[in-house]
Amino acid sequence: MSGNREMVAPLLEISRLSVVLDKRHQRFKAVDDLSFRVFPGEILGLVGESGAGKSMTGSAILGLIEPPLSISSGEITFDGVRIDQDASSIRGSKISMIFQDPLVSLNPLRKIGDQLVEVIRTHINISKAEAFGRAKTLLAEVGIDPGRINAYPHTFSGGMRQRVVIALALAPEPALIIADEPTTALDVSVQAQILDLLKRLCRERGTSIILITHDMGVIAETTDRVAVLYAGRLAEIGKTSAVLKNPRHPYTKGLVAATPRIDANSFEKRLFQIPGAMPDLENIPKGCAFHPRCDFASTQCQKQQPPLFEDRSACWLSNEGSETS
Amino acid sequence: MHRFLQSDFFYSFRNAPVAVASFFVFAVIILAAVFANFIAPNNPFDPASLNLMNGFTPPLQSNEFTGDVFLLGADDQGRDLFSTILYGLRISLFVGIMAVMLAMVMGVVLGLIAGYLGGWLDTFIMRFADIQMTFPSILVAMLIYGVAKGVLPPDLRYEMSIAVLIISIGLSEWVPFARTVRGSTLVEKEKEYITAAKMIGLRKSQIMSRHILPNVLGPVLVIATITFALAIIAEATLSFLGVGVPTTKPSLGTLIRIGQDFLFSGEWWILLFPALTLLALALSINLFGDWLRDTLNPKLK
Amino acid sequence: MSYVVARELTKYFDLSDPWVVRKITGRKKQILTAVDGVSFSIKKGETYALVGESGSGKSTIAQMVSGLLRPSMGSVLIDGHDFHNNNIDGSSLRNMRQRIQMVFQSPYASLNPRWKVGDIILEPIRSFQLIADRQEQQKRVAELLDQVGLSPRDINKYPHEFSGGQRQRISIARALASQPEIIICDEPTSALDVSVQAQVLNLLKELQHEFLLTYLFISHDLAVISTMANTIGVLKNGQLVEEARGPVLLKNPRHDYTKMLLSSAPDIGSIKT
């Protein structure tokens with residue numbers, strides 16, 4: 001933990017957020033008692049496997065979840081204002097979102113310039129001509145030739161389209177961008193460019209980014225801090241380098257060890273595998289959600305859900321002060 | 001069975017008044033037709049039981065000559081209208097079911113072939129379907145019927161008449177089946193389990209029947225329900241026009257035709273009751289089919 | 001001994017408009033060269049990985065090697081026999097089909113949702129007529145399920161009752177059913193979570209050692225390929241631009257494209273303290 005961080009007020013504060021799914025014969029928590037903060041000018045990674053609740057969290061922040069899903073408890077505070085009951089004041093203006101598939105994020109029937117101008121003028125009261133000028137600047141900023149402002153989305157490649165989507169997300173001058181798997185559908189070379197672009201935007205504009213992904217490599221290369229989710233709960237959170245190099249939570253350890261590396265020695269080694277699979281959210285084990293798969297589980301782990309220790313790891317073994325090696 | 005009663009499908013059924021009501025009406029009519037010989041007071045197709053003097057007896061009134069009372073009145077030949085409707089329903093339902101089955105088999109097979117094999121075969125089948133669809137199905141049915149009548153021997157037996165009716169209606173209704181099945185086939189054939197089937201050397205016919213067919217049958221049930229209603233109406237229409245079932249053993253359509261002649265001379269019941277029955281039948285099937293399609297649709301996606 | 005040999009594999013796709021349209025609009029014929037003279041060979045018992053981005057031709061090569069797509073030019077030799085030779089008769093073709101099977105990317109689309117798992121795994125056995133006796137068939141299916149880490153009780157279940165990772169295991173069991181010598185793995189773990197991916201990759205490696213299987217492994221993920229490949233071939237726009245033993249290529253890439261791929265790929269190992 002850097003002492004500096006403590007001084008700065010968080011931009012976004014999620015406090016004990018729970019999202020439930022309420023259907024006829026099912027009721028379970030998709031997100032359970034989740035708390036974390038996002039500070040200005042940082043890239044926070046939200047990593048987890050399918051069903052861990054990371055996309056759900058992103059949607060919840062923006063108030064995009066609909067019945068049968070709903071926020072059952074907790075608070076979301078942005079810049080001091082509570083937004084969990086009503087996110088309309090910040091949605092699309094102070095917080096914007098980027099999704100995975102650029103193909104469906106853009107209206108194929110409208111020129112990109114028109115789409116940009118529409119977003120700009122919705123949030124900033126300027127003339128059409130001025131908005132056009134701003135749109136061109138935005139395109140340049142994301143690495144697209146401003147001369148293409150009157151082009152249609154289908155004339156762009158996948159990576160370029162994602163850049164347009166980023167430009168749209170930047171148009172209202174947000175303080176925070178939530179990017180949900182922004183590069184999963186793209187080729188490797190393009191992926192690197194988009195991630196570099198996001199990093200650059202963060203540094204230059206001070207825009208915070210929540211980067212939601214399942215890819216540990218993306219986390220390693222792009223994020224400042226990372227939150228690891230498991231079965232809708234927070235397992236571990238901290239500086240990316242610390243969490244990946246010295247993971248404290250057994251799940252994080254397992255995840256890091258199971259991730260293949262681009263390395264000449266990889267072939268000789270067997271990948272570590274975490275036994276079993278993430279539980280169905282309807283049948284989360286009592287106590288710590290991970291304990292059935294954990295080599296270090298104790299009786300306490302089976303009975304009580306662990307809180308977050310030292311602002312770092314939700315594991316009873318952290319409490320004992322011993323490093324689980 | 002227990003699992004069905006607990007399913008989401010049954011739940012939405014229970015909570016949709018339209019579905020329950022239409023299904024109920026339909027079920028009543030079917031049961032009445034099936035058990036016609038137990039319910040009907042007499043057999044209207046047996047000439048020996050008819051008394052011409054009973055002709056034109058109004059409903060629930062004693063006939064001035066014979067003293068017989070008929071629930072819904074008697075028609076021009078003295079047949080008990082209630083019984084005639086019940087027996088006539090049998091014919092309508094029989095023709096309807098057989099025609100739907102014919103249309104279904106033909107449509108599914110052609111749709112599978114067109115979708116899976118593609119190429120000129122697909123083009124040929126689909127263009128033929130397009131052309132057929134530009135004609136109202138009744139005209140198509142009449143055309144086939146006319147050709148059949150011209151080709152077959154003149155002393156037609158009653159059974160031939162029914163068979164020709166079934167074939168002509170069935171052949172006019174295959175296109176929706178084919179189109180839907182073809183669409184689903186096009187989607188399924190790109191999936192990797194089909195590639196896996198090719199890799200173990202299965203022939204095209206085996207792949208189509210074992211792998212694709214089970215996965216494209218979903219929407220077919222819905223189309224079958226709606227086509228069933230259409231077939232019943234088609235049979236009634238053809239009979240009404242005089243090209244369907246002959247008057248000796250009338251179906252609902254024939255009865256309506258007979259009744260129409262007598263409407264303005266005062267014997268209104270001969271038209272009304274068969275017409276109401278036909279309306280109830282067709283409407284209930286249609287409404288149920290609509291509901292079925294709406295309920296199953298999002299899940300199909 | 002080179003077990004699988006691809007020689008100058010080439011595939012053209014004709015994307016032209018129909019003749020009439022071309023005459024009217026004056027447009028030219030459009031031929032896409034998906035694969036352009038690709039040659040490689042795989043030793044028995046080893047894994048050859050083809051890595052490339054979208055449009056590189058790797059899927060098309062997989063289809064040609066699997067025998068499902070005819071090359072426009074070039075040939076595929078399995079143990080010396082030309083797979084696409086017009087002169088081979090039905091039984092020889094079936095024999096070849098038995099030796100080479102495939103595991104696919106999508107856990108959802110690779111199993112027929114209307115078939116029971118037991119029947120899915122049994123199908124290759126019946127199609128190739130490997131076991132006639134019903135009881136022996138059941139035993140074999142149970143054995144296969146066990147080999148991939150599933151339970152024989154799963155025979156009567158349907159695919160939707162399983163998770164993505166388990167479905168991939170079922171796919172692998174099906175691929176093993178005909179006792180093949182070669183398995184083409186087409187992005188087998190791209191749709192899986194990290195922890196599940198590790199299980200499936202380890203399983204593939206174990207099976208390779210146990211049954212001396214030869215793998216053609218297709219992927220866009222360099223980290224996965226690092227773990228699995230003896231030899232790596234890099235594809236760009238239908239051409240093989242570089243090929244080397246795994247560790248060699250990863251340490252000392254020669255071609256600029258390979259270097260670019262290696263530097264762009266997000267790697268957990270890149271984390272600096």
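**Observations concerning the overall build of chain A**
Alright, step 1. Summing up its helical and strand segments, chain A has 12 helices and 10 strands in all.
Alright, step 2. For 325 residues, the compact-globule estimate of 2.2 N^0.38 gives 20 Å, and the C-alpha radius of gyration of chain A, at 21 Å, lies within 12% of that figure.
Alright, step 3. Its C-alpha atoms give chain A principal-axis dimensions of about 65 × 50 × 45 Å.
Alright, step 4. For chain A, the proportion of its 325 residues judged to be buried stands at 48%.
Alright, step 5. The long-range fraction of contacts in chain A, counting pairs at least 24 apart against all pairs at least 6 apart in sequence, stands at 62%.

**A word on the overall build of chain C**
Alright, step 1. Regarding its fold elements, chain C presents 10 helices and 10 strands.
Alright, step 2. In terms of overall dimensions, chain C is globule-like: its C-alpha atoms have a radius of gyration of 20 Å, near the 19 Å expected for 273 residues.
Alright, step 3. Taking the principal axes of its C-alpha atoms as reference, chain C extends roughly 60 × 60 × 40 Å.
Alright, step 4. When burial is assessed residue by residue, chain C has 47% of its 273 residues classed as buried.

**Digging into the sheet that holds strand S4 (residues 69–78) of chain A**
In a beta sheet, neighbouring strands pair by backbone hydrogen bonds and run either parallel or antiparallel.
All names here are of chain A.
Alright, step 1. On the basis of which strands lie adjacent, the open sheet formed by four strands has the order S2-S1-S4-S5 and antiparallel pairing. The open sheet has two free edges, formed respectively by strand S2 (26–38) and strand S5 (81–82), since each of these has just one partner strand.
Alright, step 2. Examined bridge by bridge, strand S1 (residues 12–23) and S2 share nine bridges and lie antiparallel to one another. Paired with Leu21 across the strands is Phe28, a residue of S2.
Alright, step 3. This element, helix H2 (residues 54–61), spans S1, S2 and S4 of the sheet and lies at about 70 degrees to S2.

**Topic: the interface of chain B and chain C**
Alright, step 1. The interface of chain B with chain C comprises 13 residues on the first partner and 20 residues on the second.
Alright, step 2. Elements with a minimum of two residues in the side of chain B that touches chain C: helix H10 (192–199) and helix H11 (204–216) of chain B.
Alright, step 3. Of the residues that constitute the side of chain B that touches chain C, the class distribution is six nonpolar, four polar and three charged.

**Description of the arrangement of the chains**
Alright, step 1. There are two pairs of chains in contact here; the most contacts are made by chains A and C.
Alright, step 2. Between chain A and chain B there is no contact, and the shortest C-alpha to C-alpha distance separating them is 9 Å.

**What about the domain arrangement of chain A?**
Residues and elements named next belong to chain A.
Alright, step 1. You can read the domains of chain A as domain 1 (8–94 + 172–319) and domain 2 (104–171).
Alright, step 2. Using only C-alpha atoms to locate each centre, domain 1 and domain 2 end up separated by 30 Å.
Alright, step 3. Taken together, the 12 residues of domain 1 in the interface contact 12 residues of domain 2.
Alright, step 4. Looking at which element gives the most residues to the side of domain 1 that touches domain 2, the answer is helix H7 (residues 188–205), with five residues.
Alright, step 5. When the residues that make up the side of domain 1 that touches domain 2 are grouped by side-chain class, the tally is 10 nonpolar, two polar and no charged.

**What about the interface of chain A and chain C?**
Alright, step 1. Contacts between the two partners involve 36 residues from chain A, matched on the other side by 36 residues from chain C.
Alright, step 2. Put simply, the parts of the chain that give the side of chain A that touches chain C at least two residues each are H7, helix H8 (216–222), helix H9 (240–245) and helix H10 (250–258) of chain A.
Alright, step 3. Of the residues forming the side of chain A that touches chain C, the biggest block, five residues, is contributed by H8 of chain A.
Alright, step 4. For the side of chain A that touches chain C, the residue count by class is 17 nonpolar, 11 polar and eight charged.

**So, the sheet that holds strand S3 (residues 47–51) of chain C**
Residues and elements named next belong to chain C.
Alright, step 1. Read across the sheet, six strands follow the order S6-S7-S8-S3-S9-S10 without closing on themselves; strand pairing throughout is mixed. Where the open sheet ends on each side, the last strands, each with one partner, are strand S6 (100–103) and strand S10 (239–245). Across the sheet, the mean angle separating the axes of adjacent strands is 20 degrees when strand polarity is ignored.
Alright, step 2. Pairing between S3 and strand S9 (residues 231–236): four bridges, direction parallel. Across the sheet, residue Val51 finds its bridge partner in S9, namely Val234.

**Side note on unusual backbone geometry**
Alright, step 1. A cis amide bond links Pro67 of chain A with the next residue in sequence, Pro68 of chain A, at an omega value of 10 degrees.
Alright, step 2. The phi torsion at Arg16 of chain A lies on the positive side, around 55 degrees, for a residue other than glycine.
Alright, step 3. Along the chain, the position of Arg16 of chain A falls in strand S1.
Alright, step 4. C-beta crowding within 10 Å serves as the criterion here: with 11 such atoms nearby, Arg16 of chain A is assigned to the exposed category.
Alright, step 5. Positive phi, close to 50 degrees, is recorded for Glu8 of chain C, a residue that is not glycine.
Alright, step 6. If you trace the backbone, Glu8 of chain C turns up in strand S1 (residues 2–14).

**Points about the nonpolar core**
Alright, step 1. If you look at the biggest cluster of nonpolar residues, it comprises 177 residues, and the most contacted ones within it are Leu116, Ala167, Ile210 and Tyr230 of chain A together with Leu216 and Phe217 of chain C.
Alright, step 2. In terms of residue count, the dominant contributor to this core is helix H6 (residues 158–170) of chain A (eight residues).
Alright, step 3. Counting residues in hydrophobic clusters, the runner-up holds 70 residues, among them Leu86, Ala229, Ile233 and Leu271 of chain B.

**Let's talk about H11 of chain B**
All names here are of chain B.
Alright, step 1. For H11, the principal kink sits at Arg210 and spans about 25 degrees; a proline, Pro214, occurs within the next four residues.
Alright, step 2. Those residues of H11 lying buried are Met208, His211, Ile212 and Val216.
Alright, step 3. Lining the buried residues of H11 we find helix H5 (81–117), helix H9 (175–188), H10 and helix H12 (218–241).

**Focus on the packing of helix H4 (residues 112–123) of chain A against H6 of chain A**
All names here are of chain A.
Alright, step 1. Between H4 and H6, the shortest axis-to-axis distance is 9 Å and the interhelical angle comes to 20 degrees. With respect to H6, the element H4 is oriented roughly parallel. The crossing of H4 and H6 is right-handed. Here Ile112, Gln115, Leu116 and Val119 of H4 come into contact with H6, specifically with Val164, Ala167 and Leu168.

**Examining H12 of chain B**
Alright, step 1. Under the 1.5 Å per step criterion, the end-to-end length of H12 of chain B is 35 Å for 24 residues, consistent within 8% with the ideal 34 Å.
Alright, step 2. Along H12 of chain B, 17 of the 24 residues are buried, which leaves the element largely enclosed by surrounding structure.

**A closer look at the environment of Pro17 of chain B**
Alright, step 1. Along the chain, the position of Pro17 of chain B falls in helix H3 (residues 17–34).
Alright, step 2. For the pair Pro17 of chain B and Met104 of chain B, spaced 87 residues apart in sequence, the C-alpha separation works out to 29 Å.

**Thoughts on the environment of Phe296 of chain A**
All names here are of chain A.
Alright, step 1. In this fold, Phe296 is placed in the loop between H10 and helix H11 (299–303).
Alright, step 2. With 14 C-beta atoms counted inside 10 Å, the residue Phe296 sits in the partly exposed group.
Alright, step 3. Taking the C-alpha atoms as reference points, Phe296 and Ile112, separated by 184 residues in sequence, lie 54 Å from one another.

**Some details on the pairing of strand S9 (residues 225–230) of chain A**
All names here are of chain A.
Alright, step 1. Buried residues dominate S9, accounting for six of its six residues.
Alright, step 2. Across the two faces of S9 the burial is the same, with Arg225, Ala227 and Leu229 and Val226, Val228 and Tyr230 all buried.
Alright, step 3. The sheet contact formed by strand S3 (residues 43–47) and S9 spans four bridges and is parallel. Bridging across to S9, Leu44 finds its partner in Arg225.
Alright, step 4. Relative to strand S10 (residues 233–239), S9 runs antiparallel, the two sharing six bridges. Residue pairing across strands places Leu229 opposite Leu234, the latter belonging to S10.
Alright, step 5. Between S9 and S10, which pair antiparallel in sequence order, lie two residues; one of them, Ala231, sits at a positive phi of approximately 50 degrees.

Reading the values: the criteria
Residues numbered from 1 in each chain as written. Chains lettered and ligands numbered in written order. Predicted model: local features only at pLDDT ≥ 70, side-chain atom pairs only at ≥ 80, totals over all residues. Helix = DSSP H or I, 4+ residues; strand = E, 2+ residues; numbered from the N terminus. Rg over C-alpha atoms; globule rule 2.2 N^0.38 Å. Buried ≥ 20, exposed ≤ 12 C-beta atoms within 10 Å, placed from the backbone. Contact = placed C-beta atoms within 7 Å. Pairing = 2+ DSSP bridges. Axes fitted to C-alpha atoms, helices over the stretch in contact; angles between N-to-C directions. Nonpolar A, V, L, I, M, F, W, Y, C, P; charged D, E, K, R; others polar. Domains from an automatic or database assignment. Core = buried A, V, L, I, M, F, W, Y, C linked by C-beta atoms within 7 Å. Bend = angle between axes of the 7 residues up to and from the residue. Parallel < 35°, antiparallel > 145°, perpendicular 65-115°, else oblique. Left-handed = near helix turned anticlockwise from the far one by under 90°. Expected span 1.5 Å × (residues − 1).

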